[in-house]
Amino acid sequence: MPEGYENNWVQSKVGKGFFVYLRFYGPTEACFDKSWKMPDVKRVKQGLGDNPAEREEPMKSRIAGVPKVCRTIIPAMLFVGFLLIAGSCGGEPPQSAGDAVTAVPPSTVTQTSNVNLSADLLEAAFNGDANAALEALKQGADPNHVNENGRTALMLAAFNGHSQCVSYLLDAGAEVDLRDVQGRTALMFAASGPFEETVLILLENGADPLAVDNDEQFTALMFAASEGHAGVVRALLEHGADPAVADVDGDTALSFATQHGHAEVVGLLENPGTGR
């Protein structure tokens, strides 16, 4: 492994698949118009030595150990080209970002306007443009409008930790525990990032910390534990998240935290009643 990249390595499990993901912060125009495409993943080899056997031995992929939790939460957010995701457990070719939200124009101008406003709301929520989101809501945008993958503005805002947008949406009637096509909630999306404030807003507005998704039976606590977000883990535990819940493979939040060396999170999960 190249010196200085030790933190990029996470040990994978024998027989387990992996999923490569790329998360963008502040995407440029090339991301929106999809003129930039993520290239195929290539195997990387260590520096060649004198020993022929060493020259043929590939470097352990730093990609293979992407936490199982992460390989599902990130693809869930495909929206208007904001996220580009490559790879799959089945070895399929890279996937490009999802298409923009589309709507068949209704027969009336009012209906068309409302649909457009709701689409604008999705974009504003994802970008964290609280003023634009509030304006769209004031003009009649549906706070529970979903894109083709079943994601609401609340989910998109939560995913990026846009707390002000989340608050505006909840005040406007956004349903806190709506699920996308994979059964994931806004709380799960928020918990995948270091967004303690956003997580607390959702919890204080009734978000269910015990909800599990459809595919892997993941919980918000598992997402947070896998990423090492101690503040989020603490908030979830204080609001009733159950560290004993296991996913379809029998892994718990503690399993994920232990596997990825998140010592503080491990301590919280081993002693959930102490808050330490």
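My aim in this report is to walk through the structure given alongside it, one point at a time. Just so it is clear, the model here is predicted, and its values are computed rather than measured.

Some remarks on the packing of helix H7 (residues 163-171) against helix H9 (residues 196-204)
- Interhelical geometry of H7 versus H9 gives an angle of 15 degrees and a closest axis separation of 9 Å. With respect to each other, H7 and H9 are oriented roughly parallel. Regarding H7 and H9, the two cross each other, and that crossing is right-handed. Each of Ser163, Val166, Ser167 and Leu170 in H7 lies in contact with H9, whose residues at this interface are Glu197, Thr198, Ile201 and Leu202.
- Tallied by class, the residues present in the contact of H7 with H9 amount to four nonpolar, three polar and one charged.

With respect to the pattern of salt bridges
- Considering all chains together, one arrives at four salt bridges under this definition.
- Asp213 is the salt-bridge partner of Arg184, the closest N and O atoms lying 3.1 Å from each other. Remark: Asp213 occurs in the loop between H9 and helix H10 (220-227) and Arg184 occurs in the loop between H7 and helix H8 (186-191); sequence separation between them is 29 residues. No difference in accessibility class separates Arg184 from Asp213, as the two residues are buried.
- Between Asp215 and Arg184 there is a salt bridge whose closest N-O contact spans 3.8 Å. Note that Asp215 is positioned in the loop between H9 and H10 and Arg184 in the loop between H7 and H8, a separation of 31 residues in sequence.
- Via salt bridges that share partners, Arg184, Asp213 and Asp215 belong to a single interconnected network.

Rules and cut-offs
- Residues numbered from 1 in each chain as written.
- Predicted model: local features only at pLDDT ≥ 70, side-chain atom pairs only at ≥ 80, totals over all residues.
- Heavy atoms only, no water.
- Axes fitted to C-alpha atoms, helices over the stretch in contact; angles between N-to-C directions.
- Helix = DSSP H or I, 4+ residues; strand = E, 2+ residues; numbered from the N terminus.
- Parallel < 35°, antiparallel > 145°, perpendicular 65-115°, else oblique.
- Left-handed = near helix turned anticlockwise from the far one by under 90°.
- Contact = heavy atoms within 4.5 Å.
- Nonpolar A, V, L, I, M, F, W, Y, C, P; charged D, E, K, R; others polar.
- Salt bridge = Lys/Arg side-chain N within 4 Å of Asp/Glu carboxyl O.
- Buried < 20%, exposed > 50% of the residue type's maximum accessible area, 1.4 Å probe, protein only.

These results come straight from atomic positions and should not be treated as a statement about function.
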